[in-house]
Amino acid sequence: MKTLVIAEKPSVAQDIVKALTPTSGKFEKHDDHFENDKYVVTSAVGHLVEIQAPEQYDVKRGKWSFANLPVIPPHFDLKPVDKTKSRLSAVVRQAKRKDVNALINACDAGREGELIFRLIEQYAGGAKTLDKPVQRLWLQSMTPQAIRDGFDHLRSNQQMQGLADAARSRSEADWLVGINGTRAMTAFNSRDGGFFLTTVGRVQTPTLAVVVVREEQIRKFISRDYWEVHAEFAATAGTYPGKWFDPAWKKEEDAEKKADRKWTAREAQAIVDAVRGKKATVTEEATPTTQASPGLFDLTSLQREANGKFGFSAKTTLALAQSLYERHKALTYPRTDSRHLPEDYVPVAKETFEMLADSGMKHLAPHALTALNNNYVRKTPRVFDNKKVSDHFAIIPTLQAPSGLSEAEQKLYDLVVRRFMAVFFPSAEYQVTTRISVAAGHSFKTVGKVLVKPGWLAIYGKEAAEEVADAKDGDKGQNLVPVQPGEQVGVDSVDAKGLKTRPPARYSEATLLGAMEGAGKMVDDDELREAMQEKGLGTPATRAAIIEGLINEKYMLREGREMIPTAKAFQLMTLLRGLQVEELSKPELTGEWEYKLAQMEQGKLSRATFMAEIAAMTEHIVKKAKEYDRDTVPGDYATLSAPCPNCGGVVKENYRRYTCTGADGASDGCGFSFGKSPAGRTFEQAEVEQFMRDKKIGPLDGFRSKAGWPFVAEMALKYNEEDKNWKLEFDFGDDKKNEESGEIVEFTDEPLGVCPKCGSPVHEHGSNYVCSKAVPTHAQPTPSCDFKTGKLILQQPVEREQVVKLLAAGKTDLLDKFVSNRTRRSFKAMLAWSAEEGKVIFEFEQREGGKKYPPRKTAAKKTPFGKVAVKKAVAAKTPSAKKVAKTAAPKAPRKAAVGTLKPSGALAAVIGDGTYARTEVVKKIWDYIKANNLQDPADKRSIKADGKLQAVFGKDQATMFELAGIIGKHLS
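Overview of the structure. None of the values given here were measured: they were computed from a predicted structure.

## Description of the pairing of strand E6 (residues 77–80)
Point 1. Along E6, the buried face is formed by Leu78 and Pro80; none of Asp77 and Lys79, which line the opposite face, is buried.
Point 2. As defined by bridge partners, strand E5 (residues 49–52) adjoins E6 across 4 bridges and the pair is classed as antiparallel. Bridged to Val49 within E6 is Pro80.

See the structure below:
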């Protein structure tokens, strides 16, 4: 009889096999497992099974209503995760073998690892239990000896029961709160018709609340004027700066008040007048200080660092780290919340330094060699600590030197390697000098900071110099000129600087990840804060997905590096506050759960008690939403600047609508109103102002049909003769009737470029971008060209600037919001002009090896642990000779346009003399603009003219839409 070992990941299964081979014999490799005389070793690939409500409790989307809530099933069924059904079947097949009489849970050491195994075991048993004894392998290190030691000290199933109960309870509680909360809020918001999906969750909603509260602080912030006094002092050896401060100042409740600020110009000027031209006495104190390197990376700190240094999103960083772990084998497991290594990992750390010293990475190898020669790699508690190693240890480089990394992968790998080396290097040593210069009774402070020994900063090269030489305001680190004992220095210059207090900064992904990680700091209760101390909101593995989920659900926007909550986010917070179910938006909920789950793990709280409390909370949330009977929800609502189109009255916002409130802003008005969330998409403040002003807007995405499907559309305010009032209507951009009517079209906008078919100007017209010769005009009543491309293609809005690129360079940027009509799945593609097909087509990005994405699907068979072996596809029918020829023949290269146009002298100064095709000229102009950074950073559509372009434009600035017309005047 044999024992089945189930690991969480294929790589761990392989490590177990390598570790057990010397003691239990050689393993034979099969398609989905390894096997010898004693063990069968297989693995999951993360969660293979998920919980679901029994069929009778499952209410389909689009039919959600209070009548079916709350959903509290007496038990949970299980279903396979769609993506990994074949893997699940393989594991279950091994578990049911008659010659397997025992199981070992070798999933990751933690709550999620316990849940993954328990659900697989339950699923494999079906209605009955497997009835095979289970033991637990508990590993915190993956060295062969640690694995063998783990097998010598297996834990019993009973020992793990508390952890298993906590794992199941967390999973089921998240399901109950997420499903019932989402359905209750969706039902509440869909009362007026339509389907307004309003998702909530135990982690998602408090995370959103953090961002919304910060945005509320920014909006309510009232800037105040203050003044600083800066002086330049002249010593014998040279000058140095200083900033006035009050030595007697004590911290106040008002965080804006500081020792170096004056709150009136009169007070600041009085200091300036008092010290100008005077002598100052100088005292200073020099102290040596050290700075240790930051700790090793866990996933959250790596995501924060990569966002700050490179602008990578949390999702991008996780994907890169996963690629470096799985594909390149260059980093250890990235989804970790630990920043330490196991205490038996010192030899592995030394081997890693040896690998780095011998590698061809010239920027890293010398530092690795320095560490080895000076015996820096030693067992220190700040690096090696079993108590601080959780399911996984910190992210460090493996013993395998990578090759063939992309630029982004190389950046992230270097980030991890430098941090890994730095923790073993000595601290950086500084000499910090605090100098106080007193003139006419007023004190000025100057801080000098000199790097004496770089220590770990040497690994960062130029970045180390920036630690010191970055300040000239008198209150930061800098090299200071010496002052002799007893020397009096002169006040060379002094002035008062008028400044304004600033609101708190918006969250970036880096700071939001930090806020999620430290959410316990926002919890008042000591016990709950302790429970959340190392948990925060979400886990390192889920935080990126939570942020992306909030963006996908239109609760947040990512603008540059800032995370900005949308109107939908404010509406949700208003609703939760108004319904008095704010527990859904507070981190205390997570803190309370973590505290009780920790008690459950220790056997101090029963699973039944905890789940009964969750059921009661769920019923409370649904009851509050169901019984709310007022017309609106109290909140901080806007008054629009645009007047009512019907009577000119004041239009105000309430929870559900924008409505006319009469000329005085306090009456019933004329009856004009429209919903603020048509088809489940909430208007932003700027959007509704534009909509009221222009009476149309779009195309906008994010709408949902009654069945819950997303769609994109334009909206218009149209006068309804029957009601004698204006109504909101969807406009799906069908201007075909207008085009067929023969009505003369007059183009008033700047052309976007030239038609690739006939060379005529291309303009915006209705729901399309069209050639000027494709519609009836005064110049040509009968159309002679048929070029056009939509403003909206498969739910992807196509902006003017993308059409400019399409016409100038032959293709757009990679666009990422196309949605297939057949599969309803989103995909990425470029729009490209095909001369062969005579139309705009999709062009997919290139993958490695030159293959286009997506690849052609072929018959494939799963092989061990996720690798795919491609079989030869057998055609059902023999293709025709014509089809084979078409497939085999390579596409002819696109013919270059023959240039016959001569540029003016001014234009030739930019693109060079010669003859050109019009498209060549546009491309060369754009190359010049980008090379010289002439696009306005605040408005990419605007181009600032340098000396050469001023001669072409005839003015200091032009928009990208004017380019085609301007260039045409310079070509003959």
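## Overview of the sheet that holds strand E19 (residues 657–660)
Point 1. Within the open sheet, the 3 strands sit side by side as E18-E19-E20. Their pairing is antiparallel. Each edge of the open sheet carries a strand with a single partner, namely strand E18 (651–653) and strand E20 (673–675). Averaged over neighbouring strand pairs, the angle between their axes works out to 15 degrees when direction is ignored.
Point 2. Across 3 bridges, E18 lies against E19 in antiparallel orientation. When the sheet's bridge partners are listed, Glu653 is paired in E19 with Tyr658.

## A few points about the environment of Pro342
Point 1. You can see Pro342 is positioned in the loop between helix H9 (314–326) and helix H10 (346–358).
Point 2. Along the backbone, Pro342 and Asn386 are 44 residues apart, and their C-alpha atoms lie at a distance of 5.0 Å.

## Examining the nonpolar core
Point 1. Within the largest apolar cluster, 85 residues are counted, with the highest numbers of intra-cluster contacts made by Met185, Leu208, Leu512, Met556 and Phe610.
Point 2. In terms of residue count, the dominant contributor to this core is helix H5 (residues 161–189) (10 residues).
Point 3. Non-local contacts of Met185, meaning those with residues more than four positions away in its chain, are made with Thr198, Val200, Leu575, Leu576, Leu579, Val581, Ile621 and Ala625.
Point 4. If you look at the next biggest cluster of nonpolar residues, it comprises 54 residues, including Leu341, Ala357, Ala368 and Phe420.

## Thoughts on the sheet that holds strand E3 (residues 34–35)
Point 1. Reading across from one edge, E2-E3-E4-E1-E7-E8-E9 is the order of the 7 strands in this open sheet, with mixed pairing throughout. On the outer flanks of this sheet lie strand E2 (28–29) and strand E9 (155–156), each paired with one strand and no other.
Point 2. When strand E1 (residues 2–7) meets strand E7 (residues 100–106), the two strands line up parallel, connected through 6 bridges. Counterpart to Val5 in the pairing with E7 is Ile104.
Point 3. In this fold helix H3 (residues 111–125) packs onto E1, E7 and strand E8 (134–136), with an angle of close to 155 degrees to the strand it touches most, E7.

Conventions and cut-offs
Residues numbered from 1 in each chain as written. Predicted model: local features only at pLDDT ≥ 70, side-chain atom pairs only at ≥ 80, totals over all residues. Heavy atoms only, no water. Buried < 20%, exposed > 50% of the residue type's maximum accessible area, 1.4 Å probe, protein only. Helix = DSSP H or I, 4+ residues; strand = E, 2+ residues; numbered from the N terminus. Pairing = 2+ DSSP bridges. Axes fitted to C-alpha atoms, helices over the stretch in contact; angles between N-to-C directions. Core = buried A, V, L, I, M, F, W, Y, C linked by side-chain atoms within 4.5 Å. Contact = heavy atoms within 4.5 Å.

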